[in-house]
Amino acid sequence: MRTFDLVIVGTGSGNSILDQRFRDWNVAIVEKGVFGGTCLNVGCIPTKMFVHTADLAATPAASARLGVDSTLDGVRWADIRDRIFGRIDPIAAGGREYRRHHEDNANVTVFEGTGTFTAPKVLEVTLPDGTSETITAPKFVLAAGGRAVVPDIPGLADVGYETSDTVMRLDKLPKRLTILGSGFVAAEFAHVFSSYGVDVTVIARSGALLRGEDEEISTRFTELAAERWDVRLDRKTVRAERDGDVVKLHLEGPSGAETVESDVLLVAIGRTPNSDILGTTAGGIATAPGGHVVVDEYQQTTLDGVYALGDISSPYELKHVANHEARIVQHNLLHPEDRKTSDHRFVPHAVFTSPQIASVGLTEREAAASHQRHVVAVQHYSDIAYGWAMEDTTGFVKLLADPATGQLLGAHIMGPQAASVIQPLIQAMSFGLPAHEMARGQYWIHPGMPEVVENALLKFELE
Ligand SMILES: Cc1cc2nc3c(=O)[nH]c(=O)nc-3n(C[C@H](O)[C@H](O)[C@H](O)COP(=O)(O)OP(=O)(O)OC[C@H]3O[C@@H](n4cnc5c(N)ncnc54)[C@H](O)[C@@H]3O)c2cc1C
Ligand SMILES: NC(=O)c1ccc[n+]([C@@H]2O[C@H](COP(=O)([O-])OP(=O)(O)OC[C@H]3O[C@@H](n4cnc5c(N)ncnc54)[C@H](O)[C@@H]3O)[C@@H](O)[C@H]2O)c1
């Protein structure tokens with residue numbers, strides 16, 4: 001058994017922990033897949049590169065009503081795909097090369113295999129050739145992320161399906177795509193593929209898409225989605241079947257049995273933490289019922305010296321959260337006598353679909369459920385100057401605040417550039433800036449898009 005000072009499992013956010021301050025540590029990094037993890041290789045970065053091209057492809061269809069006539073001549077799928085991965089793949093390869101061979105990493109040993117705990121702080125790494133090595137250390141960082149969930153639907157395993165890991169590398173664009181699921185991944189890929197001219201069907205188990213959002217956003221988004229895609233709500237998928245090149249999904253819904261046919265099926269029903277593969281139970285590390293590794297405010301697991309971060313322990317499953325937690329773990333490894341706690345007070349997210357959606361803090365339903373006193377302010381993009389310029393008809397900002405203090409409790413935006421427009425609200429919440437001070441304590445560039453936030457703030461009826 002080889003002994004190290006520190007073992008890091010996973011090279012997504014885990015890889016960012018090591019810098020020159022660790023040069024005197026004997027470190028092992030264990031990675032079973034592609035260097036760089038989900039966000040770089042199959043997550044945030046490639047998806048948003050596809051979303052950008054989708055936004056461009058969708059522009060001609062949207063501009064005629066403003067008096068600008070243009071047509072989309074075509075979408076070169078292979079060129080888009082190869083440009084995106086032609087940029088990303090070398091970054092992953094470069095990261096691997098850096099850790100394996102660069103002089104900065106003389107103290108780092110890379111194990112390219114699957115790590116599984118056989119006992120507390122004893123990790124068996126199974127290498128691709130079937131051999132294994134056992135390693136140990138007083139300190140571990142578990143940054144092993146999660147993976148797409150595949151439901152137990154009869155026939156599914158035989159028909160062939162894509163997940164977010166594979167759908168961006170399809171050989172050619174399908175004519176028809178069915179997406180099983182109604183969350184982030186479904187909403188983003190439905191926008192991407194439909195903008196490229198693919199007929200998209202979205203199958204939701206419940207009565208709305210993006211159900212985790214504030215109810216008004218979810219309801220309004222579902223209505224808009226139904227105008228662009230074939231949206232099937234309240235459907236149970238009972239069986240999958242292949243007929244030549246066609247994938248058939250047999251559903252049961254409000255009107256009885258029905259079948260959806262398509263060329264490609266994308267399964268997007270959520271992700272599960274990789275704690276099972278990592279053998280956390282044998283490792284003496286507690287997990288929550290959904291499989292997330294349990295951590296305290298210092299990101300330490302139930303086993304002393306073993307830290308965890310990102311999707312393996314965080315129910316948020318967002319890259320900016322994993323990055324924040326990686327910085328906390330890094331600090332706590334380097335300064336065990338002066339540890340920091342992670343801050344999950346105001347975790348924002350954005351869904352890069354169309355219209356874009358962004359959110360931070362309490363939804364109205366959550367505020368009511370927690371008996372939090374609150375007032376609500378809503379401002380439509382259509383009533384601000386830049387909204388006139390865009391002739392926007394669907395976007396809005398919805399804010400929640402404490403009526404006594406003016407402190408913002410939640411912000412929910414659906415509309416152009418929502419992921420950027422929300423940032424000052426995240427800042428105000430994080431630094432405790434009350435709504436009225438935020439609205440009137442600064443200039444708002446006229447006629448900029450953030451005026452939609454200013455006007456929403458001014459609508460609050462505070463005590
Ligand atoms: C399609 C998609 C789009 C997304 N878009 C966004 C977005 O726009 N914004 C955002 O904030 N978040 C987004 N996310 C979420 C984001 O990608 C994740 O939250 C983030 O990448 C998690 O980082 P991590 O370091 O925890 O795990 P990962 O990056 O998943 O890293 C875990 C690594 O551990 C390795 N590993 C796992 N088990 C073992 C083992 N037993 N032994 C050895 N190695 C192991 C894996 O191979 C992997 O490389 C998206 C996710 C998906 C799937
Ligand atoms: N922009 C972003 O930040 C971004 C983008 C993509 C993914 N992500 C992250 O990745 C995670 C995974 O995304 P996701 O969309 O796969 O999961 P999700 O949790 O966002 O949505 C999954 C949806 O599938 C539904 N579902 C579950 N089981 C089902 C079944 N058997 N049949 C039909 N529907 C079913 C759920 O009710 C849910 O609405 C997200 O939670 C998010 O944190 C983030």
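Residue numbering note: each chain is counted from 1, following its sequence as written. Just so you know, chain letters begin at A and ligand numbers begin at 1, following the order they were written in. Owing to the predicted nature of the model, reporting of local features is limited to residues with pLDDT of at least 70; listing and counting of side-chain atom pairs is limited to 80 or more, with chain, interface and lining totals taken over all residues. Side-chain descriptors were evaluated using all non-hydrogen atoms of the structure, hydrogens and water having been removed beforehand.

Student: Teacher, can you tell me more about the UniProt feature "binding site: NAD(+)" (unreviewed entry) in the protein here?
Tutor: In the UniProt entry, the feature "binding site: NAD(+)" (unreviewed entry) is given for Gly181, Ser182, Gly183, Phe184, Val185, Ala186, Ala187, Glu188 and Gly270. Considering the C-alpha atoms alone, the annotated residues occupy 90 residues of sequence yet fold into one spot, their largest mutual distance being 13.4 Å. The numbering of helices and of strands both runs from the N terminus, where a helix is a DSSP run of H or I of at least 4 residues and a strand a run of E of at least 2. With respect to the helices, strands and loops of the structure, Gly181 is situated in the loop between β10 (176-180) and α5 (184-195). Those residues within four positions of Gly181 in sequence are excluded, and the remaining contacts are Ala186, Val202, Ile203, Ala268 and Ile269. As for its position among the elements, Ala187 is in helix α5. Any two residues having at least one pair of non-hydrogen atoms within 4.5 Å are treated as being in contact. With near-sequence residues (within four places) excluded, Ala187 lies in contact with Leu210, Phe221, Trp229, Val351 and Thr353. UniProt positions are given in the numbering used here, feature names are shortened, and annotations may be inferred rather than shown by experiment.

Student: Honestly, the site of ligand 1 in this entry has me stumped. Any pointers?
Tutor: Ser13, Glu31, Thr38, Lys48 and Asp311 are the nearest of the 36 residues found near ligand 1. One of the side-chain N or O atoms of Ser13 is found 2.7 Å from an oxygen atom in ligand 1. One of the backbone nitrogen or oxygen atoms of Glu317 is found 3.4 Å away from an oxygen atom of ligand 1. Per-residue accessibility takes into account occlusion by the displayed protein chains alone, with areas from the Shrake-Rupley method and a 1.4 Å probe. Out of a free accessible area of 1000 Å², ligand 1 has 93% covered by protein chains. Only α1 (37-42), α2 (44-63), β5 (114-119), α7 (275-278) and α8 (319-334) provide two or more residues apiece to the shell around ligand 1. The leading source of residues in the shell around ligand 1 is α1, at four residues. The class makeup of the residues in the shell around ligand 1 is 12 nonpolar, 17 polar and seven charged. We call a residue near a given molecule or strand whenever any one of its heavy atoms falls within 4 Å of it. Here a polar contact means two N or O atoms within 3.5 Å. Within protein one must be a hydrogen donor candidate and the other an acceptor candidate, and residues neighboring in sequence count only if both atoms are side-chain atoms. Three residue categories are used. Nonpolar comprises Ala, Val, Leu, Ile, Met, Phe, Trp, Tyr, Cys and Pro, charged comprises Asp, Glu, Lys and Arg, and polar comprises the others, including Gly.

Student: What exactly am I supposed to notice about the sheet that holds strand β21 (residues 375-380) here?
Tutor: Sheets are built from strands paired through backbone hydrogen bonds, the pairs being either parallel or antiparallel. The antiparallel open sheet is built from five strands, whose spatial order is β19-β20-β23-β22-β21. Bordering the open sheet on either side are β19 (349-351) and β21, each of which pairs with just one other strand. Each adjacent strand pair in this sheet contributes to an overall mean axis angle of 15°, direction not counted. Lying over the sheet, helix α6 (residues 215-228) contacts β20 (357-361), β21, β22 (396-401) and β23 (408-414), oriented at roughly 5° with respect to β23. In this scheme, strands are said to pair when DSSP sees at least two bridges between them. Lines fitted to C-alpha atoms define the axes, with helix axes restricted to the stretch in contact, and inter-axis angles between N-to-C directions lie between 0 and 180 degrees.

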